[in-house]
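Results of the structural survey
So the chains spell out like this:
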Amino acid sequence: MDAMPKEIRLRCQFLWESAMQCADASPPQPRTAQKLLHSLRQLTAAHDCKVPDSLTKTLCPKCWAPRIPGVSCRTRTAKRTRRSPASMRYVPGKTGKGGHALKSQLVTTCLLC
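Just so it is clear, the model here is predicted, and its values are computed rather than measured.

Looking now at helix α1 (residues 6-24). In a regular helix each residue adds 1.5 Å, so 19 residues correspond to 27 Å; α1 covers 27 Å between its end C-alpha atoms and thus fits that length. When α1 is considered as a whole, its buried residues turn out to be I8, C12, L15, W16, S18, A19, C22 and A23. Looking down the long axis of α1, one finds its buried residues gathered within 165° of arc, a one-sided arrangement. More than 90 degrees from the buried face of α1, the exposed residues found are K6, E7, F14, Q21 and D24. In this fold, the buried residues of α1 make contact with α2 (30-46) and α3 (53-56).

And the structure:
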């Protein structure tokens, strides 16, 4: 958001903070937050700007809803299969002598899309 004009950057910050307040409200309102984030996305697209990756990491890449565990997404751990490319990395064992190639991964599933 650094390369944007000041008024656009302030509006984007306001939309982001409002969306996170809706997501953190009691009870959480993920659909309202999703609408605010959609307007943020449209605003940045209209001005040929990009939303920073640090902000988009907490969002669903498909529907741009905020990921709230238990409300808008389910989080589980799954064992990687031998065929997944990330499992090919070497993971050292506790003793340092040998290692194994399989380790668990965190999987989040969006409930809104």
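On we go from here.
Moving on to the confidence of the model for the protein chain. Averaged over every residue, the pLDDT of the protein chain is 79; the share at 70 or more is 76%. Least confident of the elements in the protein chain is strand β3 (residues 99-100), whose mean pLDDT is 54; most confident is α2, at 90.

The linkage connecting S26 with the following residue, P27, adopts the cis geometry, with an omega of -5°. Relative to the assigned elements, P27 resides in the loop between α1 and α2. Of note, D48 is a non-glycine position whose phi angle comes to about 55°, a positive value. Structurally, the position occupied by D48 is in the loop between α2 and α3. Positive phi, close to 60°, is recorded for W64, a residue that is not glycine. By secondary structure assignment, the location of W64 is in the loop between α3 and β1 (73-79).

About the cut-offs
- Residues numbered from 1 in each chain as written.
- Predicted model: local features only at pLDDT ≥ 70, side-chain atom pairs only at ≥ 80, totals over all residues.
- Heavy atoms only, no water.
- Helix = DSSP H or I, 4+ residues; strand = E, 2+ residues; numbered from the N terminus.
- Expected span 1.5 Å × (residues − 1).
- Buried < 20%, exposed > 50% of the residue type's maximum accessible area, 1.4 Å probe, protein only.
- Arc of directions from axis to C-beta.
- Contact = heavy atoms within 4.5 Å.
- pLDDT = per-residue confidence, 0-100.

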